Amino acid sequence: MGSLKECTGTTVSATQALPLHTLHPLRRTLFNRVFASVYACAILALVYHHVLKLFNCTNVASFSVTLSFLLSDLVLAFMWVATQSFHMRPVHRKEYPENVEKVMKPSDFPALDVFIFTADPYKEPPINVVNTALSVMAYDYPKEKVSVYVSDDGGSALTLFAFMEAAKFASHWLPFCREKNIMVRSPDVYFSTSDHSWCSETEKIKALYESMKSRVEHVVETGKVSDEYINGDEEREALNKWTDGFTRRDHPTVIQVFLENIKDTDITGHLLPNLIYVSRQKSKTSRHNFKAGALNTLLRVSAVMTNAPIVLTLDCDMYSNDPKTPLRVLCYVCDSATRSDLAYIQFPQRFRGLNKNDMYASEIKRWFEINLLGFDGLKGPDYLGTGTFFCRRAFFGDPSTFMSPEIPQLHPNHAVDKPLKSLSILSLAHQVAGCNYENQTNWGSKIGFRYGSLVEDYYTGYRLHCEGWRSIFCHPERPAFYGDAPIALIDLINQNKRWAIGLLEVTFSKYSTLTFGIRRIGLMSLSYAHYSCWPFWAIPATVYAFLPQLALLKGVSIFPKVSEPWFLLYSFLFIGAYAKDCLEFILEGSTFRKWWNDQRIWMIRGLTCLLFGSIEYLLKRFGISASGFNLTSKVLDDEQSKRYEQEIFEFGVPSPMFVTLATAAIINLFSFFKGFLDIISGSNMEGFFLQMFLAGFLMVNCLPIYGAMFLRIDKGKMPTKITLISTFLAGALYAAASLIF
């Protein structure tokens, strides 16, 4: 089995004549630095203005209002300063995968272990997980060097059955992909598109796939695997492990080898990749550490069974869109110039099925693309949780100091010399997947994926960088992976709320980006701090969504008049920030409409998931509540899908997070029209221009919310209960404003 050491000598000499990759700084770097200098001066002037007003306050109310704006603008200033680390040296990379086979023999390629994660067959349909697995099993890579591990943290017989079926279908699908040389190797995506030629063979493969899909979906719908679907004693024995006492939170380890690449072949006689199902042991009395625990279990189980030097982690819905992706990875991991301290190669998250203008900003383009270009100019991007190729060695200490695991079979250089199904291998694999195995070990603290945060991906990438490792952002023109994005707003903000809690757990830990990070990685810690302090965005978002508008309703001016010099400062800060943000979106291939939707979702996040996530984190810190890991549903409802395609916001459920959002929408609507009526009546509104502009700007952003509250009758409208509560709260805030203004 190929290792990274085996590809060293060949690549070093060959890269001199045949480049494997190149790097180019972005041309806008100089502009970024000049703009940052000017904008920093404007921020300092704004802080000075606030402090000046603070000392001139004559009562407690005005002092409180001015202090609120000072605090909000300090948060915004910090977020802006942290963002500048992404603009200091953004870079673009290019790989030349066609040169890899010119400098290396395929037999010398390092082996690859693929980890795919799922946890609930009803939120994450098994047929989707099967498609993800089949797409990577069909990589243009030596099949005897590929092992696919499926982690089922829900411990479901339905998922096990789905992969029994997938193993059979793979023997037809992989040779079909190879012979037709197709690019999209997720069968569901391939057969649902028209960019392929139809022939009798295609029809035959499609019929096989539809038959498998029908059986898997029927099993999920009925909730059990009936006898008619069980073929042979081996399948029956595997399914018999699900006894009456077997529950998703309390069950023994289940490891099932479906395909073994030393003996299983496809219909043309070519070897098939390894395919292994793993459901780690769960106990109600043991901590399982959510996805990070599942990752470490697979890291150990795979070490015992195959121990490939390269590990790919994938979410269950993130299928391969380019069969040559592993060759792009080899451009870096087998180059001595980049290999010595390389922890992982990160591909951007891309999503299929987005509506025309991405109304929920599901691409998260700034996080998953623009910022990563800046990260890459420092020590490399953060770990995004999926689409990431790791060097296994990176999980065991820093680049210069190896931290030995507790048993030699987990050593990254350990050579596995026994078949997957041998009793000794399976016995040890079950042992290291036990729920108490990690007790009194370094797993999760110094070895493997790190525990301590709900955002295990961000936290692990951060800790690896702090240990001295580097990473690389690989952003080819053809996306390497595609996944599914939420099509309901509640799914989006619930996911973001979990992120907010996890990020705050990092911010206030002993490994805080603001203290530990600065000592270890210097400037790059600001990049990580920009993310870890993201929930603080709720402070300025809430203040600017309510205070200026309530003051406008009460006829109190709190911003500079149009004729005052400070008015130009406020104008520059607003226009400069938004114009530069829009420009970066467009330069990276986006559109104005997508940028507009992105900035609107940032406002929505500030008033919903970030605000409530911060509150939930505080409650957790004081021991009042405990946060959990809530899965984002991957199940698509036909009516929801139709509304999503029409770019109609999906509310539908009476979530408390919608209350603050709807209340802000009402306050901004009434404050804007109150100011508008004052203008019509001939009042001098010079001192209220900025408040009017802000209320109008937020009101335009809230147009989908007004439609959901007052105009729509479909199931995705804002629940009447939320509208009534929000209206009452808006009235209460207006009454309370009399005590302040």
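Residues numbered from 1 in each chain as written. Predicted model: local features only at pLDDT ≥ 70, side-chain atom pairs only at ≥ 80, totals over all residues. Heavy atoms only, no water.

(A) Structural view of the nonpolar core. Ranked by size, the top nonpolar core spans 224 residues in total, and within it Val148, Trp173 and Met305 carry the most contacts. Not counting the four nearest positions on each side in its chain, Met305 is found in contact with Tyr149, Ile255, Val257, Ile276, Val416, Leu420, Ile425, Leu426 and Ala429. (Core = buried A, V, L, I, M, F, W, Y, C linked by side-chain atoms within 4.5 Å. Buried < 20%, exposed > 50% of the residue type's maximum accessible area, 1.4 Å probe, protein only. Contact = heavy atoms within 4.5 Å.)

(B) Just the pattern of salt bridges, in detail. In total, this model carries 35 salt bridges according to the counting rule given. In this structure, the salt-bridge partner of Asp714 is Arg643, at a minimum N-O distance of 3.8 Å. Of the two residues, Asp714 is situated in the loop between α26 (703-711) and α27 (720-737) and Arg643 in helix α23 (residues 638-645); the sequence distance between them amounts to 71 residues. For Asp714, a relative accessible area of 25% translates into the label partly exposed. A residue is classified by how much of its surface remains accessible, and Arg643, at 9% relative accessible area, is buried. Each of Glu639, Arg643, Glu650, Arg712 and Asp714 takes part in one network of salt bridges that share partners. (Salt bridge = Lys/Arg side-chain N within 4 Å of Asp/Glu carboxyl O. Helix = DSSP H or I, 4+ residues; strand = E, 2+ residues; numbered from the N terminus.)

(C) Molecular detail of a nonpolar patch on the surface. Where nonpolar side chains cluster on the molecular surface, the patch consists of Ile615, Leu618, Leu619, Phe622 and Ile624 and spans about 520 Å² of accessible area. With respect to the element layout, Phe622 can be found in the loop between α22 (609-621) and α23. (Patch = residues over 30% accessible without salt bridge, like charges linked within 9 Å, V, L, I, M, F, W, Y side chains within 5 Å. Areas by Shrake-Rupley, 256 points an atom, 1.4 Å probe, with all protein chains shown as cover.)

(D) Here's a closer look at the sheet that holds strand β11 (residues 388-391). Ordered in space as β5-β6-β4-β3-β7-β11-β9-β12, the eight strands form an open sheet in which the pairing is mixed. Looking at the sheet topology across the chains shown, the edges are occupied by β5 (254-259) and β12 (470-473). Neighbour to neighbour, the strand axes of the sheet diverge by 20 degrees on average, direction disregarded. Taken together, the three bridges between strand β9 (residues 342-346) and β11 define a ladder with antiparallel strand orientation. Bridge pairing in β11 links Tyr344 to Phe390. Helix α10 (residues 290-305) contacts β3 (112-118), β4 (146-152), β5, β6 (274-279) and β7 (310-315) of the sheet and is inclined by roughly 145 degrees relative to β3. (Pairing = 2+ DSSP bridges. Axes fitted to C-alpha atoms, helices over the stretch in contact; angles between N-to-C directions.)

(E) Summary view of the packing of helix α21 (residues 592-607) against helix α25 (residues 689-701). In the contact formed by α21 and α25, the axes pass within 10 Å of each other and the chain directions differ by 105 degrees. Between α21 and α25, the crossing angle belongs to the class labelled roughly perpendicular. Here Trp596, Gln599, Arg600 and Met603 of α21 lie close against α25, whose contacting residues are Phe697, Leu698, Val700 and Asn701. Classifying every residue of the contact of α21 with α25 gives five nonpolar, two polar and one charged. (Parallel < 35°, antiparallel > 145°, perpendicular 65-115°, else oblique. Nonpolar A, V, L, I, M, F, W, Y, C, P; charged D, E, K, R; others polar.)

(F) Local environment of the side chain of Glu95. Counting through the fold element by element, Glu95 comes out in strand β2 (residues 91-95). Given a relative accessible area of 5%, Glu95 falls into the buried group. Within the local environment of Glu95, its side chain forms a polar contact with the side chain of Arg328, the two groups lying 3.2 Å apart. Excluding its chain neighbours within four sequence positions, the residues that come into contact with Glu95 are Leu20, His21, Arg328, Cys331, Tyr332, Cys474 and Pro476. (Polar contact = N/O pair within 3.5 Å; in protein donor to acceptor, adjacent residues only side chain to side chain.)

(G) Just the packing of aromatic side chains, in detail. One pass over the full model with this rule turns up 67 aromatic pairs. Between Phe86 and Phe375, the ring centres sit 5.2 Å apart and the planes meet at 70 degrees, which makes this aromatic pair edge-to-face. In this pair, Phe86 is assigned in helix α3 (residues 60-87) and Phe375 in helix α13 (residues 365-376), connecting sequence segments 289 residues apart. Taken as a pair, Phe86 and Phe375 share a single burial class, namely buried. For the ring pair Phe86 and Tyr531, a centre distance of 5.8 Å and an interplane angle of 70 degrees mean the geometry is edge-to-face. (Phe/Tyr/Trp six-rings, centres within 6.5 Å; stacked < 30°, edge-to-face > 60°.)

(H) Representation of α21. Over its 16 residues, α21 extends 23 Å from the first C-alpha to the last, a length consistent with the 22 Å expected when each residue adds 1.5 Å. Summarising burial for α21: 13 of the 16 residues are buried, a large majority. (Expected span 1.5 Å × (residues − 1).)

(I) How the structure looks around the sheet that holds strand β8 (residues 319-320). Spatially, three strands are ordered β8-β13-β10 in an open sheet, and the strand pairing comes out mixed. Both outer strands of the open sheet, β8 and β10 (351-352), are each paired with one neighbouring strand and no more.

(J) Representation of the pairing of β3 within the structure. Summarising burial for β3: seven of the seven residues are buried, a large majority. Both faces of β3 are covered, namely the face carrying Leu112, Val114, Ile116 and Thr118 and the face carrying Asp113, Phe115 and Phe117. Where β3 lies against β4, seven bridges are found, and the strand directions are parallel. Within β4, the residue paired with Thr118 across the bridge is Asp152. Assessed by its sense of winding, the connection that carries the chain from β3 through helix α5 (residues 126-137) to β4 is right-handed. (Right-handed = clockwise from strand over helix to strand, strands pointing away.)

(K) View of the state of the cysteines. Scanning the entire structure with this criterion turns up zero disulfides. Among the cysteines around Cys177, which has no disulfide bond, Cys199 carries the closest sulfur, lying 13 Å off. Not part of a disulfide, Cys533 finds its nearest cysteine sulfur in Cys466, a span of 14 Å. (Disulfide = S-S within 2.5 Å.)

(L) Broad picture of the environment of Glu406. Within the secondary structure, Glu406 sits in the loop between β11 and α14 (423-432). Judged by its relative accessible area of 34%, Glu406 is partly exposed. When the C-alpha atoms of Glu406 and Thr441 are compared, they prove to be 7.2 Å apart, with 35 residues separating the residues in sequence. Beyond its immediate sequence surroundings of up to four residues, Glu406 is in contact with Tyr437, Thr441 and Trp443. One polar contact links Glu406 to Tyr437, side chain to side chain, over a distance of 2.6 Å. Side-chain polar atoms of Glu406 contact the side chain of Trp443, separated by 2.7 Å.

(M) Structural view of the pairing of β6. Most of β6 sits inside the fold, with six of its six residues counted as buried. Both β4 and β6 contribute to a ladder of five bridges, which runs parallel. Among the inter-strand pairings, Ser147 is bridged to a residue of β6, identified as Asn274. Bridging between β5 and β6 involves five bridges; their strand directions are antiparallel. In the sheet register, Val257 faces β6, and the bridge partner there is Ile276.

(N) Layout of the confidence of the model for the chain. Put simply, the chain has an average pLDDT of 93, and 96% of its residues get 70 or more. Here residues 8-15 is a poorly scored stretch, pLDDT under 50, and it has eleven contacts once near neighbours within four places are set aside; other chains count. (pLDDT = per-residue confidence, 0-100.)

(O) Expanded view of the side chain of Asp376. Within the element layout of this structure, Asp376 appears in helix α13. Not counting residues within four places of it along the chain, the set of residues in contact with Asp376 comprises Val91, Arg93, Pro381, Ser471, Ile472 and Phe473.

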